[in-house]
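Each chain is listed here by its residues.
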Amino acid sequence: MNLKYRNGSFALDATDVRILETLQEDARKTYTDIGRRLGIAHSTVYDRIKRMEQYGVIKKYTTMVDTAKAGARSITALMTVYTDPKESEAVAERLSQAPEVLEVYTSLSEELLIMAKVISQNQEALHAFIANSVAPLSGVLRIRTSIVTKKFKENIFSIVDNSMNEYL
Amino acid sequence: MSGDSASRTFKIVSREKAFYFFTSIGNYTGLSATSLKEFMDRINEVNLKSLDFHFYRRDFEKWVDQVLQDMELAEELRRMQKCSLAGEALRSQLNSAVARRLKRLSGQA
């Protein structure tokens, strides 16, 4: 059974989505556990997971580390970089290469801007990174940074698609 | 003017070594300076909050000392720390110190 490719993405059905949600909670669950939970055969779970791996829908299985419990003291900051529109792509690419930067997005509101999630050892290290590695990038006009004080939610995956509700 | 003084007066540093004016941790104003002359111009136009932020952290004297390698001006900025300056008074004192230094170095030319 092949996944259907439609409008630049693969068409998942409700069972695929439920399998992904279950893996998102715990990627170490067995095919049998998932099948039991969803009321389907473990062979079906196996087939669908293999197919989603094959098509790149499932990119990888990873580990979420609680850095505080691992003894690594760090701070997270959300950085907005206002750029010259001609240089924003290059700035976003340079930011993406920095190990301190976890996520990079571009957005067009009133001005073209780049949003990035940055992790650093402490405030001083964060400032040094931004002052020495971000501000000097050609095309950077201004930077606004907010340090995260409390995290309420962090989900890696969520399919928000009303068209799927009919299946769920 | 000795070659050393001249190089300090007219020294233009690379973009990587420029002074970038921030108002707080990670908040860059968009203003930067690549020379002592440009540094003085920026002192006169930047938000006062930025001057307070960098002065308190001793960023000005570190940049003047380590990047421009002007020990005399760095020492003068270091002495200003004792005066607990802030706001417009700080802007005025910084401007005077840098202007005096530029004039002295130019006069030696």
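Above this note sits the structure.
Residues numbered from 1 in each chain as written. Chains lettered and ligands numbered in written order. Predicted model: local features only at pLDDT ≥ 70, side-chain atom pairs only at ≥ 80, totals over all residues.

**Q** In this structure, what is going on with the nonpolar core? I would like to understand it.
**A** Proteins that are soluble and globular tend to have nonpolar side chains buried together. Counting residues in hydrophobic clusters, the biggest one holds 36 residues, and the most contacted among them are Met79(A), Val81(A), Ala116(A), Ile130(A), Val134(A), Ala135(A) and Ile143(A). Leaving out residues up to four positions away in the same chain, Ala135(A) has contacts with Ile130(A), Val140(A), Ile143(A), Tyr20(B) and Tyr28(B). (Core = buried A, V, L, I, M, F, W, Y, C linked by C-beta atoms within 7 Å. Buried ≥ 20, exposed ≤ 12 C-beta atoms within 10 Å, placed from the backbone. Contact = placed C-beta atoms within 7 Å.)

**Q** Please explain unusual backbone geometry as it appears in this structure.
**A** The phi torsion of most residues other than glycine is negative, and most of the peptide bonds are trans. All names here are of chain B. Unlike most non-glycine residues, arginine 58 shows phi in positive territory, near 65°. Note on placement: arginine 58 falls in the loop between helix H3 (48-57) and helix H4 (59-66). Residue classification places arginine 58 among the partly exposed residues on the basis of 14 C-beta atoms within 10 Å. Even without being a glycine, serine 84 presents a positive backbone phi close to 50°. Looking at the secondary structure, you find serine 84 in the loop between helix H5 (71-80) and helix H6 (87-107). (Helix = DSSP H or I, 4+ residues; strand = E, 2+ residues; numbered from the N terminus.)

**Q** Please explain helix H5 (residues 123-134) of chain A as it appears in this structure.
**A** Working note: α-helix, 3.6 residues per turn, so residues spaced by three or four point in the same direction. An ideal rise of 1.5 Å per residue puts 16 Å on twelve residues; H5(A) measures up with 15 Å between its terminal C-alpha atoms. Buried within H5(A) we find Leu126(A), His127(A), Phe129(A), Ile130(A) and Val134(A). Summarising the axial view, the buried residues of H5(A) lie within an arc of 160°, below the 170-degree limit, and thus occupy one face. For H5(A), the exposed residues set more than 90 degrees away from the buried face come down to Glu124(A) and Asn132(A). Buried-residue contacts for H5(A) involve strand E3 (75-83), helix H4 (88-97), strand E5 (112-120) and strand E6 (140-147) of chain A together with strand E2 (27-33) of chain B. (Expected span 1.5 Å × (residues − 1). Arc of directions from axis to C-beta.)

**Q** What's the story with H3(B) in this structure? I'm lost.
**A** Residue and element names in this part refer to chain B. For H3, every residue scored as buried is listed here: Ser50, Leu51, His54 and Phe55. Looking straight down H3, one finds that the buried residues subtend no more than 120° of arc, so they occupy a single side. Just downstream of H3 lies arginine 58, where phi reads positive at about 65°.

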